[in-house]
Amino acid sequence: MRYVMVGPNEEWSGFVHFRLVETVAQTDLHLTYTSRQTASANLPSPRRVLVLGATGTIGAATVRELLKRRHEVVCFVRGGGIVARRNAVELLQGAEVRTGDVTDPQWLAQACSGSGPFDALVSCMASRTGEPEDAWAIDYKAHADALAVAKDAGVSQMVLLSAICVQRPQLPFQHAKLAFEKLLIDSDLTYSIVRPTAFFKSLSGQIDRLKRGKPFVVFGDGKLTSCKPISDRDLACYIAECLEDPRLHNKVLPIGGPGDAITPKQQGEYLFSLLGREPRFRHVPVALLRVIAEGLGGLGMVIPAMAKKAALARIGLYYATESMLVFDPKTGQFDQSATPSFGSETLFEHYSKVIKGEISNDRGAHSVF
Ligand SMILES: NC(=O)c1ccc[n+]([C@@H]2O[C@H](COP(=O)([O-])OP(=O)(O)OC[C@H]3O[C@@H](n4cnc5c(N)ncnc54)[C@H](OP(=O)(O)O)[C@@H]3O)[C@@H](O)[C@H]2O)c1
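Predicted model only: the values in this text are computed from it and were never measured.

Asker: Help me out: how do you make sense of the overall build of the protein chain in this one?
Answerer: Regarding its fold elements, the protein chain presents 14 helices and 13 strands. Burial statistics for the protein chain: of 369 residues in total, 43% are counted as buried. Nonlocal contacts in the protein chain, meaning residues at least 24 apart in sequence, comprise 77% of its contacts between residues at least 6 apart.

Printed below as a string of structure tokens:
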């Protein structure tokens, strides 16, 4: 059995209060089914599920998966949100969509009542900017309110989409996510906290510049970090499994996609091979990124507009130096073998389909984290 420490840090609560939480045993991690198999396996009895963040990349995929499994899905989306403005109804076809201010507990309570009880709450909602104020408002406060409202309405289970990077928190949005994880763990709801590694969209940002003949940009030698990318559909399947599989209940669940961990260098090499070109890299020293982040941070103290840029630079620096794999505090190393795999879709298949034009490189309203 493995354990991770979760809980707010000093900045959040003024005191250190970590709690050991059971994570999935390594033997359980390589679940004996793939996402494709589960889709056709015996379906559990349909449940009534309330989904937050349904208009996001993983939220929309999760809604599709829940509907495929014949659950009744009700999505609370904000009016005027980035995707909601465009095509929430089309995107979430088959689900009931209720539009309002998801951050307003009164609206939430009202929207929750009146049409029968919900069995579970699934949240893929997250700050789109990652800026401190937005992160605390969405990743913490809106979730805390939704949890309270859901509990009052009799909901007994919650599946939360979090992120693997919260295991080594340095950024405000990571602290906000951790603070809510703790609230959820301490609630009496059955919970599954899903901490995925990198999404395909986050690793596909350089395809267009490579097509234009530009080099692939890496930090350092391009091997400083690695991750086990997971596709939107596989992650959505995993989230749906969390509702249904008791082995995934009351656990913090780091999760990656199939296969070995991949470095940025390998991503670039594979893309060049698909394009039939010699690999060409531009190496950006991490020290330069650090100087930029610190410089902008200094300027941000006097020029508010610079503070936002500094926050973005810090996020960039974090991902340039931290792997999206389970971190082993004993060895002080990221450990790909301790990072569970789920699903069947690979990043390289995805790259191949994008390059061949079989799918679009739709990265949504992508943010850097
Ligand atoms: N990118 C990665 O590689 C990666 C890896 C691991 C974990 N994660 C984590 O995965 C999570 C979800 O990622 P994603 O890419 O699916 O997110 P996303 O596409 O940015 O979607 C965010 C969702 O939250 C909603 N939301 C944001 N602010 C809101 C507000 N003020 N009121 C109501 N709804 C609001 C958005 O609604 P609108 O459509 O209305 O804006 C959208 O539905 C994040 O927590 C992220 O940290 C990401």
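Further notes follow.
Asker: I tried to follow the sheet that holds strand 10 (residues 251-255) on my own but got confused; where do I start?
Answerer: One key point about sheets: their strands pair by backbone hydrogen bonds, in either a parallel or an antiparallel sense. Overall, parallel pairing links the seven strands, which are arranged 5-4-3-6-7-8-10 in an open sheet. Every other strand in the sheet has two partners, leaving strand 5 (96-100) and strand 10 as the edge strands with one partner each. This sheet shows a mean twist of 20° between the axes of neighbouring strands, independent of strand direction. With five bridges connecting them, strand 8 (residues 190-196) and strand 10 associate as parallel partners. Considered in strand 10, the bridge of P196 is made with I255.

Asker: What exactly am I supposed to notice about the nonpolar core here?
Answerer: One recurring pattern in soluble globular proteins is that nonpolar side chains are buried together. Core analysis: the largest hydrophobic core is formed by 94 residues, its most contacted members being C75, V194 and I239. The contact partners of V194, leaving out residues within four places of it in the chain, are V159, L160, L161, S162, Y238, I239, C242, L253 and I255.

Asker: Whenever I open this one, the environment of I292 confuses me. Can you help?
Answerer: Relative to the helices and strands, I292 is located in helix 12 (residues 286-300). For the pair formed by I292 and A313, sequence separation is 21 residues and the distance between their alpha carbons is 7.2 Å.

Asker: What is the right way to read the pairing of strand 7 (residues 157-161) from this model?
Answerer: For a regular strand, side chains alternate in direction, first toward one face of the sheet and then toward the other. For strand 7, the tally of buried residues reaches five of five residues, placing the bulk of the element in the interior. Residue alternation in strand 7 divides its side chains into two sets, Q157, V159 and L161 and M158 and L160, and both sets are buried. Looking at chain direction, strand 6 (residues 120-123) and strand 7 are connected through four bridges and run parallel. Bridge pairing in strand 7 links A120 to Q157. As for the winding sense of the linkage, the β-α-β connection from strand 6 through helix 7 (residues 132-152) to strand 7 is right-handed. Relative to strand 8, strand 7 runs parallel, the two being bridged by five bridges.

Asker: I'm lost on unusual backbone geometry in this one. Help?
Answerer: Of all residues except glycine, most have a negative phi; of all peptide bonds, most are trans. Positive phi values are uncommon outside glycine, yet R70 reaches one of about 70°. Along the chain, R70 turns up in the loop between helix 4 (57-68) and strand 4 (72-78). When the 12 C-beta atoms within 10 Å are taken as the criterion, R70 is described as exposed.

So, how was this worked out
- Residues numbered from 1 in each chain as written.
- Predicted model: local features only at pLDDT ≥ 70, side-chain atom pairs only at ≥ 80, totals over all residues.
- Helix = DSSP H or I, 4+ residues; strand = E, 2+ residues; numbered from the N terminus.
- Buried ≥ 20, exposed ≤ 12 C-beta atoms within 10 Å, placed from the backbone.
- Contact = placed C-beta atoms within 7 Å.
- Pairing = 2+ DSSP bridges.
- Axes fitted to C-alpha atoms, helices over the stretch in contact; angles between N-to-C directions.
- Core = buried A, V, L, I, M, F, W, Y, C linked by C-beta atoms within 7 Å.
- Right-handed = clockwise from strand over helix to strand, strands pointing away.

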